[in-house]
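Coordinate inspection notes
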Amino acid sequence: MVLLGRPLVLVPKSLRYISPLTCRLHIYAPCAASTGVKTKTTSPKPSVTPIFRNAPIYGEKTALRDRHGDYTYMGLFLSSRQLAHQISELLKGKEQERVAFLCPNDASYVITQWACWMSGQIVVPLSPLHPEASLQYFVNDSDASLLLTTNELAPQLAGIAQSSGRKLLVIDDALRRLALKPDVKIDPSQVDFIEPAGPVTDVAAGLEDEFYADSDAMIIYTSGTTSTPKGVLLSYQNLDAQVQSLVEAWNITGKDNVLHTLPLHHIHGIVNGMMCPLTVGGRCTMLPSFSSSKVWAQLLAIRMKAADRVNVFMGVPTSYIKLIEEYELIFSKNEKMREYIQKILSEKIRLMTSGSAPLPSSVFEAWDKISGHRLLERFGMSEVGMVLSNPLNPTSDRRPGFVGTPLPSTKVKIVRTEKGQENPNEVKEEVLCEGDENGTKVLVNDGEPTVGQLYVKGPNVFQGYWRKPETTAKEFAADRWFKTGDTAQFVDGSYKILGRTSVDILKTGGYKVSAVEVEAALLGHPDIIDCSVVGLPDATWGQKVAAVVVTQPGAEILLSQVREWSRDKLPPYAIPTVLRVLDKIPRNSLGKVNKVNMVKEVFQVSDHKST
């Protein structure tokens, strides 16, 4: 907060005895010394401008709106700088220590992230949705030197801090309120006004430029849908490359106001939804979590000033499914309302994207009819950020089931791998096609579909898995090409993701079947509203195609009906031979299904092995 040209620290009187930085520190025992994993190189690297460096340039412009109010860039910057000083003191000036933090989806998250980076630490974002066992695993695996959270979430980390002997820093709400816009009314009886030592013109923060050019910034954990979660180590260079790629491809500018409803412990929410607009002076309207009614209110700008209207929405397939359900329930029967919604969304919303899980074609088409938006699908993952994207323009080139072409500064190739006949441990690789933002060249025309493993290369590719050098080495091919673990196809000038090779590519009767394509077909059935397809081990066929479905309320469905309905939509070998009907398919916060667990829990197959 800035008043009369001077920043003010707001300290609740109830906490005066704690610290002028409105933080509480619980020290249970010192952590074990950190050994780190990064080997510094002597070769110079391109300079990187960390996200907080640009904040003073945008000054009193609104950066963020959350459930509490509006925050300026300078307000967030000043609060972050104060917190950064205390973090540095607690860590005794050390850099590249891991700080595991648990914050709600509001300004406290941004302040904490920036503060950690100002002090040169590696952030490990945690989620309030994670059970205690998961939080414990992430804290221990990252060897966090400091845990940081807010008052409301402190109970979720207190026990972990005590049992592991780690420092726990609890930031008070006044640190967040310090960043609110100056016109926000504050009860003077609840705070003390403390003049800081330095003037507001002193906007220096962070370390030397060379540090950010050659240091690590973040560890995020993989979703764990195919194996134990691994810590993905990303450098400032990686994050900068990911942000700049999307800013260029999607034309993100300071005029954009992104509606943010995503979890903040994955790339989608952290980079796409939050860092991209805040890097270029844009605005982020952050909801505590996804709510279809609240999202509709934002999209339609109900009881909202024109200047506060959002114009970009980034969602996951489940988001659009829920929005469509509410539309059908509330709006669809009123013709004038239908026309009004399509007019508002098509004219006032610039961009709507979908990612983190495959988007069913039925959802793509339904949303196009409702909103006039052909959703922009893209493909990315924790290790590489966003890699492939449908075009911003023309929107007519966006096709359901396709994820477009390589983003700027990113290279991809599809590789066909085969085990050697004489030596099963020998793997032969054949590059079928290779491309970048300028186009893709097909290198093998043998009459077979251009299908194989997707490899990625570029400045966006992560440093490695945290303290797992052997696992890291296995996931990289020669010349730093990262093996994504996904099977992709290049067809008609665009890429399709057929699924995770380990769980989504089923081998039945000598054929390879994409579970993603079978799911897309089944979702076209009028009685099926959700589904997941898995492979079950079978002595005769290798694997049987099994479908787990959720039906419309009151509908009943039989395997024979599904098979008959699928005959003209799927090849015979891809039609499910096993059917299970559930009330709900378990998905994580990004809409992903843990198929290994599903095979065990739904079909009681304990010896399931990925092939």
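Keep in mind that this is a model prediction, so the values were computed, not measured. (Residues numbered from 1 in each chain as written. Predicted model: local features only at pLDDT ≥ 70, side-chain atom pairs only at ≥ 80, totals over all residues. Heavy atoms only, no water.)

Observations concerning the packing of aromatic side chains
Within a pair of aromatic rings, the relevant descriptors are the distance that separates the centres and the angle that separates the planes. Note the threshold: Working definition: rings of Phe, Tyr and Trp (its six-membered ring) pair if their centres are within 6.5 Å, and the pair is stacked with planes under 30 degrees apart, edge-to-face with planes over 60 apart, and tilted otherwise. Helix and strand definitions follow DSSP, with helices as H or I runs of at least four residues and strands as E runs of at least two, each counted in order from the N terminus. Under the scheme applied here, a residue whose accessible area is under 20% of the maximum for its type counts as buried, over 50% as exposed, and between as partly exposed, the area being computed with a 1.4 Å probe on protein chains only. Remark: a charge is flagged as sitting over a ring if the NZ atom of Lys or the CZ atom of Arg is within 6 Å of the ring centre and within 35 degrees of the ring normal.
According to the stated counting rule, one finds 22 aromatic pairs in the structure shown. Ring centres 3.9 Å apart and planes at 0° place the aromatic pair Tyr511 and Tyr573 in the stacked group. Of this pair, Tyr511 sits in strand S30 (residues 511–514) while Tyr573 is found in the loop between helix H16 (559–566) and strand S33 (578–581), placing the two residues 62 residues apart along the sequence. For Tyr573, a relative accessible area of 32% puts it in the partly exposed group. Here the aromatic cluster, defined as three or more aromatic residues joined through ring pairs, consists of Trp296, Phe313, Tyr320, Tyr327, Phe331 and Trp367. Its guanidinium or amino end placed over the ring of Tyr465, Lys230 lies 5.1 Å from that ring's centre, counting from NZ or CZ.

Observations regarding the side chain of Ser245
Which entries qualify depends on this criterion: Residue contacts are counted whenever heavy atoms from the two residues lie within 4.5 Å of one another.
Relative to the assigned elements, Ser245 resides in helix H8 (residues 236–249). Classification of Ser245 as buried rests on a relative accessible area of 5%. For Ser245, the residues in contact, after removing those within four places along its chain, are Leu407 and Pro408.

Things to note about the sheet that holds strand S6 (residues 70–72)
The test is simple: In short, DSSP must find at least two bridges between two strands for them to pair.
Strands sit in the order S6-S5-S15-S14-S16-S17-S18-S19-S20 across an open sheet of 9 strands; the sheet is mixed. A strand with exactly one partner marks an edge of an open sheet, and here the two such strands are S6 and strand S20 (405–406). Of the strand pairs in this sheet, strand S5 (residues 62–65) and strand S15 (residues 283–286) are connected by 2 bridges, and their pairing is parallel. When the sheet's bridge partners are listed, Arg65 is paired in S15 with Thr285.

Regarding the confidence of the model for the protein chain
The condition that has to hold: pLDDT expresses, on a scale from 0 to 100, how confident the predictor is about each individual residue.
Model confidence for the protein chain is summarised by a mean pLDDT of 88, while 88% of its residues fall at 70 or above. For residues 1–22, every residue scores under 50 in pLDDT, and the model assigns this stretch 75 contacts once sequence neighbours within four places are set aside. The model gives residues 29–42 a pLDDT under 50, and that stretch makes 28 contacts with residues more than four places away or in other chains.

Thoughts on the environment of Ile529
As for its placement among the helices and strands, Ile529 is situated in strand S31 (residues 528–538). With a relative accessible area of 33%, Ile529 lands in the partly exposed category. Once the C-alpha coordinates of Ile529 and Thr551 are considered, the two residues, 22 residues apart in sequence, prove to be 5.5 Å apart. Excluding residues within four positions of it along the chain, Ile529 makes contact with Leu523, Val550, Thr551 and Gln552.

Points about the sheet that holds S33
Rules: Convention adopted: a line fitted to C-alpha atoms gives each axis, helices being fitted over their contacting stretch, and angles between N-to-C directions are expressed from 0 to 180 degrees.
If you trace the 3 strands from one edge of the open sheet to the other, you get S31-S32-S33, paired in mixed fashion. A single partner strand is all that each edge strand has here, and the edge strands are S31 and S33. Between one strand axis and the next, the sheet turns through 25° on average, direction left out of account. Here strand S32 (residues 542–551) runs beside S33; their pairing, made up of 4 bridges, is parallel. Residue pairing in the sheet places Ala547 in a bridge with Leu579 of S33. Contacting S31, S32 and S33, helix H17 (residues 595–603) crosses the sheet at an angle of about 85° to S31.

Section: the pairing of strand S19 (residues 385–389)
Counted residue by residue, S19 has 5 buried out of 5 residues, so it is predominantly covered. Here 4 bridges tie strand S18 (residues 376–381) to S19, and the two strands are oriented antiparallel to one another. Within the sheet, the bridge partner assigned to Arg378 lies in S19 and is Ser389. What sits between the antiparallel neighbours S18 and S19 is a turn of 3 residues.

Brief notes about the state of the cysteines
Cut-off, in case you're wondering: Throughout, disulfides are identified as pairs of cysteine sulfur atoms within 2.5 Å of each other.
The final tally for this structure, using the stated rule, is 0 disulfides. In this model Cys116 remains outside any disulfide bridge; the closest cysteine sulfur is found in Cys103, 8.6 Å from its own. Cys116 gets classed as buried once you look at its relative accessible area, which sits at 0%.

So, the pattern of salt bridges
Pairs can form between side chains of opposite charge whenever their charged atoms are close. We count it as follows: Here, a salt bridge means any Lys or Arg side-chain nitrogen found within 4 Å of an Asp or Glu carboxyl oxygen.
Tallied over the full model, the rule gives 28 salt bridges. The salt bridge partner of Asp70 is Arg65, with a shortest N-O separation of 2.6 Å. Given the relative accessible area of 23%, Arg65 is considered partly exposed. Its salt-bridge partner being Lys468, residue Asp141 comes within 3.4 Å of it at the nearest N-O pair. A residue pair is termed long-range when its members are at least 10 positions apart, and Asp141 in helix H4 (residues 132–142) and Lys468 in the loop between strand S25 (464–465) and helix H14 (469–474) qualify at 327 residues. Taking relative accessible area as the criterion, Asp141 reaches 19% and is therefore assigned buried. A relative accessible area of 23% means that Lys468 is categorised as partly exposed. Residues joined in a network through salt bridges with shared partners are Arg65, Asp70, Arg283 and Asp308.

Topic: H17
Put simply, the test is: The arc in question is the one traced by the directions running from the helix axis out to the C-beta atoms. Definition of a polar contact: a pair of N or O atoms within 3.5 Å, with one able to donate and the other able to accept a hydrogen when the atoms are protein atoms, and with sequence-neighbouring residues admitted only if both atoms are side-chain atoms.
When H17 is considered as a whole, its buried residues turn out to be Lys595, Val596, Met598, Val599, Val602 and Phe603. Seen from one end, H17 has its buried residues packed into an arc of 165°, which puts them on one side. Where the residues of H17 are buried, they touch helix H15 (515–522), S31, S32 and S33. Where H17 begins, the capping side chain belongs to Asn594, and its oxygen is found 3.3 Å from the backbone nitrogen of Val596. Where H17 ends, the next residue or the one after it, Gln604, has phi of about 50°, a positive value.

Notes on the environment of Gly159
Summarising the element assignment, Gly159 is placed in helix H5 (residues 154–164). On the accessibility criterion, Gly159 (36% relative accessible area) is partly exposed. Sequence separation between Gly159 and Glu132 is 27 residues, and the spatial gap between their C-alpha atoms is 9.0 Å.

Comments concerning the packing of helix H11 (residues 317–331) against helix H13 (residues 361–371)
Worth spelling out the cut-off: For classification purposes, an angle smaller than 35 degrees is called roughly parallel, one larger than 145 roughly antiparallel, one from 65 to 115 roughly perpendicular, and anything else oblique. Should the near helix be turned counterclockwise from the far one by less than a right angle, the crossing is left-handed, whereas a clockwise turn marks it as right-handed. Polarity classes work like this: nonpolar for Ala, Val, Leu, Ile, Met, Phe, Trp, Tyr, Cys and Pro, charged for Asp, Glu, Lys and Arg, and polar for all others, with Gly in that last group.
Closest axis-to-axis distance for the H11/H13 pair is 10 Å, and the angle between their directions is 50°. Here H11 lies oblique to H13, going by the angle between them. Read as a crossing pair, H11 and H13 show a hand that is left-handed. Between H11 and H13, the residues in contact are Tyr320, Ile321, Leu323, Ile324 and Tyr327 and Val363, Ala366, Trp367 and Ile370, respectively. Across the contact of H11 with H13, the residue classes break down as 9 nonpolar, no polar and no charged.

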